[in-house]
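# Structure at a glance
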Amino acid sequence: MIRVVVADDQALVRAGVRMMLEAAGDMEVCGEAADGAEAVRLAERHRPDVLLMDLRMPRVDGLEATRRILAVQPAARIVVLTTFSEDANLYAALGAGALGFLVKDDPPDRMVDAVRRAAAGEPLLAPSVLRRVVERALDAERQAVPVPGMLTERETQVLTLVGMGMSNAEIAGRLHVGVTTVKSHVAALIEKLGLRNRTQAAVMAHRFGLVDTGFNPVGPRPGE
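The rules behind each value
- Residues numbered from 1 in each chain as written.
- Predicted model: local features only at pLDDT ≥ 70, side-chain atom pairs only at ≥ 80, totals over all residues.
- Heavy atoms only, no water.
- Helix = DSSP H or I, 4+ residues; strand = E, 2+ residues; numbered from the N terminus.
- Buried < 20%, exposed > 50% of the residue type's maximum accessible area, 1.4 Å probe, protein only.
- Contact = heavy atoms within 4.5 Å.
- Areas by Shrake-Rupley, 256 points an atom, 1.4 Å probe, with all protein chains shown as cover.
- Arc of directions from axis to C-beta.
- Polar contact = N/O pair within 3.5 Å; in protein donor to acceptor, adjacent residues only side chain to side chain.
- Pairing = 2+ DSSP bridges.

Attention now goes to the overall build of the protein chain. In terms of helices and strands, the protein chain carries ten helices and five strands. Per-residue burial over the protein chain gives 50% buried out of 224 residues. For the protein chain, restricting intrachain contacts to residue pairs at least 6 apart in sequence, the fraction spanning at least 24 positions comes to 66%. Put simply, the protein chain shows about 10,300 Å² of open surface, and 52% of that area lies on carbon and sulfur atoms.

So, in structure tokens, the structure goes:
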């Protein structure tokens, strides 16, 4: 059972999200928060598998709550709830370590799928959205930096494909290895680089010059 905390200042939104998730059969909403401060408390109390976080809430907003939660629970899986996909705070939240985002008028099946993917550690951002996140993160630093020698050749290949926005299954198909093997490589490179999640790993892939501005691998594809 996937345990979820929902943070939104509108009771009707929280009730609707709870209904959609619990109707899926493999999820339970273990807590509801009406503001960011309460979201931080519930995250500490329940340690949910996924936390759905509205950005615009009273007292403590979703961005600050995301930062506070990840400061003490670096592995927390936070998915942002937003009304506008171009909200400036959205990119700040992703930069702080949120896994991805959902627009509130997305269909129910997208929300259910996103929660499942977040719980499994799968990417939530389409390549086009990931590209925008990367561009914003690199606005002040466009030059490539050396790939750390601590990464193995295979980990570097996996990091390149993460930077392209590929899922574990897609990476496994490209490299002709098992999905479990890919998961192990992703976890290892995230730990070695001191990152929180795949979104930050994708940004690092660009900083290392592994992915060009056309969102394709630089040079030959891994394994070719």
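Further notes follow.
Quick look at helix H3 (residues 62-72) now. Residues of H3 that are buried: Gly62, Leu63, Ala65, Thr66, Ile69 and Leu70. When H3 is viewed along its axis, its buried side chains cluster within an angular range of 160 degrees and face the same direction. In H3, those exposed residues whose orientation departs by more than 90 degrees from the buried face are Ala71 and Val72. Along its buried surface, H3 packs onto helix H2 (36-46), strand E3 (50-54), strand E4 (78-82) and helix H4 (88-96). Backbone nitrogen of Leu63 and a side-chain oxygen of the N-cap are separated by 3.3 Å at the start of H3; the cap is Asp61.

Before going further, it helps to spend a moment on the pairing of strand E5 (residues 100-103). Every other side chain in a regular strand lies on the same face of the sheet, so the side chains alternate between the two faces. Alternating residues of E5 divide into Gly100 and Leu102 and Phe101 and Val103, and every residue in both groups is buried. Sheet topology places E4 next to E5; four bridges connect them, and they run parallel. Within E5, the residue paired with Val80 across the bridge is Phe101.

With that out of the way, let us pick up helix H10 (residues 198-207). Counting buried residues in H10 gives nine out of ten residues, a clear majority hidden from the surface. By the burial criterion, the buried members of H10 are Arg198, Thr199, Gln200, Ala201, Ala202, Val203, Met204, Ala205 and His206. Positive backbone phi, at 80 degrees, marks Gly209, one or two positions downstream of H10.

The residue Asp61 is located in the loop between E3 and H3 in this model. Owing to a relative accessible area of 28%, Asp61 belongs among the partly exposed residues under this scheme. With 22 residues separating them along the chain, Asp61 and Ala39 place their C-alpha atoms 9.7 Å apart. Of note is the side chain of Asp61, whose polar atom sits 2.8 Å from the backbone nitrogen of Glu64.

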